[in-house]
Amino acid sequence: MIQVPLSQKYSTIVNTLLFLFPISLLGVKSLGDLILALLMLIGIYIAYTDKINPFKQPELKLVSWLSVAYYTVIVLSIFLSDKSLELLHYADRDLAFLFTPLIALAIYKADIDFNRLILAIKLSLIMIGGYILYQHLVNGVITDWRLSHGITPTLTLMMLVFSWINISHENKYNLLLTAISSILALSLIILAERRSAFLVLIILSVLFIFLNSKPTISKNRNNIFAIVLTLICASLLLAQPNLINRLSMAVENVKEWTTGDKVTNSTTEIRLEMYKGGLLSIKEKPIFGHGYRNTTDPASRFAHNQNLARTISAYSNLHNTFINALVFGGVIALIATLALLLLPLKKFWQAFKLKENSNIKYASLGILLMSGYIILSATNGMLGGVAENAFLVFFLSIFLPKVIKK
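Cut-offs applied
Residues numbered from 1 in each chain as written. Predicted model: local features only at pLDDT ≥ 70, side-chain atom pairs only at ≥ 80, totals over all residues. Heavy atoms only, no water. Helix = DSSP H or I, 4+ residues; strand = E, 2+ residues; numbered from the N terminus. Polar contact = N/O pair within 3.5 Å; in protein donor to acceptor, adjacent residues only side chain to side chain. Salt bridge = Lys/Arg side-chain N within 4 Å of Asp/Glu carboxyl O. Buried < 20%, exposed > 50% of the residue type's maximum accessible area, 1.4 Å probe, protein only. Core = buried A, V, L, I, M, F, W, Y, C linked by side-chain atoms within 4.5 Å. Phe/Tyr/Trp six-rings, centres within 6.5 Å; stacked < 30°, edge-to-face > 60°. 1 Å grid on protein atoms, 1.4 Å probe; cavity = no way out; pocket = protein on both sides within 12 Å on 5 of 7 lines; lining within 4 Å. Points joined across faces, edges and corners; volume = space filled by probe spheres on them. Nonpolar A, V, L, I, M, F, W, Y, C, P; charged D, E, K, R; others polar. Axes fitted to C-alpha atoms, helices over the stretch in contact; angles between N-to-C directions. Parallel < 35°, antiparallel > 145°, perpendicular 65-115°, else oblique. Left-handed = near helix turned anticlockwise from the far one by under 90°. Contact = heavy atoms within 4.5 Å. pLDDT = per-residue confidence, 0-100. Expected span 1.5 Å × (residues − 1). Bend = angle between axes of the 7 residues up to and from the residue.

A look at the environment of Ser205
Here Ser205 is to be found in helix α10 (residues 195-211). The spatial distance from the C-alpha of Ser205 to the C-alpha of Leu160 is 9.6 Å, given a sequence separation of 45 residues. A polar atom in the side chain of Ser205 sits 2.7 Å from the backbone oxygen of Leu201.

Written out as structure tokens, the structure is:
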């Protein structure tokens, strides 16, 4: 009987969890959380047996300190608010950040099967894209978005761009799988009619082309350009007229709002009033804010009519990650949020410029991950939702330690 080394068994277990996470995140809500919990428990075991402190390990220090600091600011904003007991139960929505050091440690000790991870992403896109398209073709209406109408297309577009990372050297079977997963993912994004998701997909696609445009990175860059541009053009041609109309309407609504001609019940007007009210409410508590998940009520007080005030207060966040952080936790939370998103982006960019074959893929994926979250944060609450938090923690725990040298 052949003995399998313990390190190989360990890597097999971790890679199995890494494989299951992308598939479960969009399809089965609780399973994604369970996978992170298992990785956390494995991290505890590694920290104890190998005597590794993730806060001191060079590759893990940055992701550990940033994530725990962000969670600490959340808890601090709750206890310093006027509604501490009322808001305390919201702290568990961000527990993934508290456990990030252990999750990252568990992944760090394994020999990651990169191609298998990308395969899992493609299979996830096929499953969720096929499920949404099936509802549209058979029922004529989509009643189940699994996560939500807003979150599912957002995370789908991120994984869609990730799935292209091996496109320059895939064989014909993997390339076919990439094409199928891309078409189904694009169908989902178009059917969702989410303006921000569609625009960010275009931006990240252009960024992907840029990252793969250097001769030293890919000898087949022209193939990359052709495939990605074809997908973008196809999505533009297939985009439903309603989506195009919504984009045009948003531009008109912004013009009318800025000139004082308010648009009644427009989603654009609601968001603009949210941003305005959030910024004005900061003056009341600029240092520690109004408390986590307590942003829309303070912002609603500055709406220009009562109907808008009631509408804004019914939302869970201000649909802008940076303004949201500033309102719930003041300047301290804004600094923690900017650090969480910008410092890893800086590390990824520095690693990308080195052009080392061992980490160039992780650096490129890291740039796409952080850029996507930063851009989407302008019109979405990308931090605070359980799925969005899990997505960021999971992929950041994989990508960031890979590009940091001892």
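Structure's up, so let's keep going.
Focus: the pattern of salt bridges
In the structure shown here, the tally under the stated rule is seven salt bridges. For Lys276, the salt bridge goes to Glu273, with nearest N and O atoms at 3.0 Å. Separated by three residues within a single helix, Lys276 and Glu273 lie in helix α13 (residues 267-281), roughly one turn from each other. Overall, Lys276 belongs to the partly exposed group, its relative accessible area being 26%.

A closer look at the nonpolar core
Within the largest apolar cluster, 104 residues are counted, with the highest numbers of intra-cluster contacts made by Leu39, Phe162, Leu369, Tyr373 and Phe391. Here this core gets twelve residues from one element, more than from any other, and that element is helix α18 (residues 386-403). In terms of nonpolar packing, the next biggest core, distinct from the first, is built from 14 residues, Ile270, Met274, Ala299 and Leu318 among them.

Let's talk about the packing of aromatic side chains
Per the counting criterion, the structure on display carries 16 aromatic pairs. Residues Phe162 and Phe395 carry aromatic rings whose centres are separated by 5.3 Å and whose planes lie at 65 degrees to one another, so their mutual orientation is edge-to-face. Here Phe162, found in helix α8 (residues 151-162), pairs with Phe395, found in helix α18; they are 233 residues apart in sequence, far enough to count as distant. Both residues of the pair, Phe162 and Phe395, count as buried. When the ring of Tyr373 is compared with that of Phe391, the centres are 6.3 Å apart and the planes differ by 20 degrees; the resulting orientation is stacked.

Examining empty space enclosed by the protein
For the structure on display, the rule yields four cavities of 30 Å³ or more. By volume, the largest cavity amounts to about 50 Å³. Taken together, Tyr70, Thr321, Asn324, Ala325, Phe328, Thr337, Gly381 and Leu383 make up the full set of residues lining the largest cavity. The biggest single contributor to the lining of the largest cavity is helix α16 (residues 321-354), with five residues. Each residue belonging to the lining of the largest cavity can be placed in one class, and the counts come to four nonpolar, four polar and no charged.

Remarks on the packing of helix α7 (residues 114-139) against helix α9 (residues 172-192)
Interaxial distance between α7 and α9 falls to 8 Å at its minimum, and their mutual angle equals 45 degrees. Judged by the inter-axis angle, α7 sits oblique to α9. Here α7 runs over α9; the crossing is left-handed. Residue-level inspection shows Leu119, Lys122, Leu125, Ile126, Ile128, Gly129, Gly130, Ile132, Leu133 and His136 of α7 in contact with α9, the latter providing Asn174, Leu177, Thr178, Ile180, Ser181, Leu184, Ala185, Ser187, Leu188 and Leu191. Looking at side-chain class alone, the contact of α7 with α9 contains twelve nonpolar, seven polar and one charged residues.

Section: the confidence of the model for the chain
Averaged over all residues, the pLDDT of the chain equals 87, while 86% of them reach at least 70. Ranking the elements of the chain by mean pLDDT puts helix α11 (residues 221-238) last with 58 and helix α6 (residues 100-108) first with 97.

Things to note about α16
The end-to-end C-alpha distance of α16 is 31 Å, clearly below the 50 Å that 34 residues give at a rise of 1.5 Å each. Gly329 marks where α16 bends most, by close to 135 degrees. Of the residues that open α16, the one with a side-chain oxygen 3.1 Å from the backbone nitrogen of Phe322 is Asn320. Immediately beyond the C-terminal end of α16, within one or two residues, lies Lys355, with a positive phi of roughly 55 degrees.

Things to note about unusual backbone geometry
Glycine aside, residues mostly have negative phi angles, and peptide bonds mostly take the trans form. Backbone geometry places Glu193, a non-glycine residue, at a positive phi of 55 degrees. Glu193 gets classed as buried once you look at its relative accessible area, which sits at 19%. Within the chain, Arg293 stands out as a residue other than glycine whose phi angle is a positive 65 degrees. Relative to the helices and strands, Arg293 resides in the loop between α13 and α14 (296-300). You can call Arg293 partly exposed: its relative accessible area is 23%.

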